[in-house]
Amino acid sequence: MKDLLQKAKEAMTQSYSPYSGVKVGAALLTKNGKIFLGTNVENAAFGPSCCAERSAFFSAVSQGEREFSAIAIVGGKDGKIADFFPPCGVCRQVMAEFCGADFPIYLENDRGEVKSLTLGELLPHAFTKEKF
Ligand SMILES: [Zn+2]
């Protein structure tokens, strides 16, 4: 958990966020032990921007990964971690495409406190592929 959070902090340093100044890093652990990093990538048109969590997921899926064990997320204004930085609703939905309700999401604040949540806690009653 701490190792994964450390990787998320490393990913945060790569943030491209000239508009909001908010830097976010994510480290996604696959079932076979690989780690994919993601950061937020903003755009002048705002709409094309992508969150760190989705960057990590899309990178992993692009390389053939489909099964995931956990994700760690940190973030903050100007790259300074303050409070816990939970994923946005869009990223929660992307997680629900590949992960079950028990998927762990690790967050860390500026005091080094770690929060371990599940996708089911953050996205109850998710709309998933089981609906098809
Ligand atoms: Zn997001």
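See the structure printed just above.
Every value quoted in this text rests on a predicted model; they were computed, and no experiment measured them.

J.: Account for the coordination of the zinc ion, naming residues and giving values.
T.: The protein atoms that coordinate the zinc ion are Cys-51 (SG), Cys-88 (SG) and Cys-91 (SG), at distances of 2.2 to 2.4 Å. Site description for the zinc ion: donor spacing in sequence, C-x36-C-x2-C. Note that Cys-51 is positioned in the loop between β2 (35–39) and α2 (52–62) and Cys-88 in the loop between β3 (68–77) and α3 (89–98), a separation of 37 residues in sequence.

J.: So what's going on with unusual backbone geometry? Residues and values would help.
T.: Leaving glycine out, the prevailing phi sign among residues is negative, and the prevailing peptide bond configuration is trans. Phi is positive for Phe-46, which is not a glycine, with a value near 60°. Along the chain, the position of Phe-46 falls in the loop between β2 and α2. Overall, Phe-46 belongs to the exposed group, its relative accessible area being 56%.

J.: Tell me what's going on with the nonpolar core, and back it up with residues and numbers.
T.: Counting residues in each nonpolar core, the largest one holds 25 residues, and the members touching the most others are Phe-57, Ile-71, Phe-103 and Ile-105. Those elements giving two or more residues to this core turn out to be β1 (22–30), α2, β3, α3, β4 (104–108) and α4 (119–122). For this core, the element with the most residues is α2, which contributes 5 residues. Other than its neighbours up to four places away in sequence, Ile-105 contacts Ile-71, Ile-73, Pro-87, Met-95, Lys-115, Ser-116, Leu-117, Thr-118, Leu-119 and Leu-122. With 9 residues, the next largest nonpolar core counts Leu-4, Leu-5, Met-12 and Ala-27 among its residues.

Calculation criteria
Residues numbered from 1 in each chain as written. Predicted model: local features only at pLDDT ≥ 70, side-chain atom pairs only at ≥ 80, totals over all residues. Heavy atoms only, no water. Donors = N, O, S within 2.8 Å, 3.2 Å for Na, K, Ca; no water. Helix = DSSP H or I, 4+ residues; strand = E, 2+ residues; numbered from the N terminus. Buried < 20%, exposed > 50% of the residue type's maximum accessible area, 1.4 Å probe, protein only. Core = buried A, V, L, I, M, F, W, Y, C linked by side-chain atoms within 4.5 Å. Contact = heavy atoms within 4.5 Å.

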